[in-house]
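# Descriptive structure summary
If you want the building blocks of each chain, they are given just below.
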Amino acid sequence: VQVGESGGGLVQAGGSLRLSCLVSGSIFDINTMGWYRQAPWNERELVATVTRDNTTTYIDSVKGRFTISRDNARDAVVLQMNSLKLEDTAVYYCVADVVVLGRYWGQGTQVTVSS
């Protein structure tokens, strides 16, 4: 099972980025998919999750700005990030809870928000 992320980069405050994640390999099904992030000298935190039936959760700091969505047919998840703030700067990690096999992580994609 492989988890591949794309879409990170450098953006000015107030701008937008779209992170994509694709899970590949011998997969029967995926339960929850989500995104974590880790800023320098901070612990990794859970940003957003989406279940197979599209129930979503968000940390308070991104509510109203970020939107998570998934495509079950493609085993993909997207994080649309709008109105980005300096404090959103972090490495973002995609995570997938694969049925039977367990949790898999992507390698991370850097998001940098500049003033």
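Please refer to the structure higher up on the page.
For clarity, every value in this text was computed on a predicted model and none was experimentally measured.

### Quick look at the overall build of the chain
Counting its secondary structure elements, the chain contains 0 helices and 11 strands. Scanning the chain from its N terminus toward the C terminus, one meets helices and strands in the order β-β-β-β-β-β-β-β-β-β-β. Expected size for 115 residues packed as a compact globule is a radius of gyration near 13 Å; at 14 Å, the chain falls within 12% of this value. C-alpha atoms of the chain, sized along the principal axes, occupy 45 × 25 × 20 Å. For the chain, the residues scored as buried account for 38% of the 115 residues in total. Partitioning the contacts of the chain with sequence separation of at least 6, the portion at a separation of at least 24 is 53%. Element-wise, carbon and sulfur atoms account for 48% of the exposed surface of the chain, whose accessible area totals about 6200 Å². Positive and negative charge centroids in the chain, built from 10 and 11 side chains respectively, lie 3 Å apart.

### Digging into the pattern of salt bridges
For the structure shown, the criterion picks out 6 salt bridges. The partner of Arg65 in a salt bridge is Asp88, with the nearest N and O atoms 2.7 Å apart. With a gap of 23 residues between them, Arg65 in the loop between strand E6 (56-58) and strand E7 (66-71) and Asp88 in the loop between strand E8 (76-81) and strand E9 (90-98) connect regions that are remote in the sequence. Grouping residues by exposure puts Arg65 and Asp88 together as buried. Its salt-bridge partner being Arg103, residue Asp97 comes within 2.7 Å of it at the nearest N-O pair. Classification of Arg103 by relative accessible area gives partly exposed; the value is 41%. What emerges from the salt-bridge pattern is a single network uniting Arg37, Glu45, Arg65 and Asp88.

### Description of the sheet that holds strand E1 (residues 2-6)
Pairing is antiparallel across the open sheet formed by 4 strands, whose spatial order is E1-E3-E8-E7. Taken across any chain shown, the strands that pair with only one partner, and hence form the sheet edges, are E1 and E7. Between one strand and the next, the sheet's axes are offset by a mean angle of 15°, whatever the strand orientation. Across 6 bridges, the pairing between strand E3 (residues 17-24) and E8 is antiparallel. Bridged to Arg18 within E8 is Gln80.

### Some thoughts on the state of the cysteines
Counting across every chain of the model gives 1 disulfide. Cys21 shares a disulfide with Cys94; S-S distance 2.0 Å. Judged by the sign of its S-S torsion, about -80°, the cystine formed by Cys21 and Cys94 is left-handed. Here Cys21, found in strand E3, pairs with Cys94, found in strand E9; they are 73 residues apart in sequence, far enough to count as distant.

### A few points about the side chain of Arg70
Locating Arg70 in the fold gives a position in strand E7. No salt bridge is formed by the buried Arg70; the nearest opposite charge belongs to Asp29, separated by 5.3 Å. A polar side-chain atom of Arg70 sits 3.2 Å from the main-chain carbonyl oxygen of Val50. In this structure the side chain of Arg70 is engaged in a polar contact, spanning 3.4 Å, whose partner is the backbone oxygen of Thr51.

### Comments concerning a nonpolar patch on the surface
A cluster of nonpolar residues, Val1, Val100 and Leu101, forms a patch on the protein surface that exposes about 290 Å² of accessible area. Take Val100: it is sitting in the loop between E9 and strand E10 (102-105).

How each quantity is defined
- Residues numbered from 1 in each chain as written.
- Predicted model: local features only at pLDDT ≥ 70, side-chain atom pairs only at ≥ 80, totals over all residues.
- Heavy atoms only, no water.
- Helix = DSSP H or I, 4+ residues; strand = E, 2+ residues; numbered from the N terminus.
- Rg over C-alpha atoms; globule rule 2.2 N^0.38 Å.
- Buried < 20%, exposed > 50% of the residue type's maximum accessible area, 1.4 Å probe, protein only.
- Contact = heavy atoms within 4.5 Å.
- Areas by Shrake-Rupley, 256 points an atom, 1.4 Å probe, with all protein chains shown as cover.
- Lys, Arg positive; Asp, Glu negative; His and termini not counted.
- Charge placed at Lys NZ, Arg CZ, Asp CG, Glu CD.
- Salt bridge = Lys/Arg side-chain N within 4 Å of Asp/Glu carboxyl O.
- Pairing = 2+ DSSP bridges.
- Axes fitted to C-alpha atoms, helices over the stretch in contact; angles between N-to-C directions.
- Disulfide = S-S within 2.5 Å.
- Polar contact = N/O pair within 3.5 Å; in protein donor to acceptor, adjacent residues only side chain to side chain.
- Patch = residues over 30% accessible without salt bridge, like charges linked within 9 Å, V, L, I, M, F, W, Y side chains within 5 Å.

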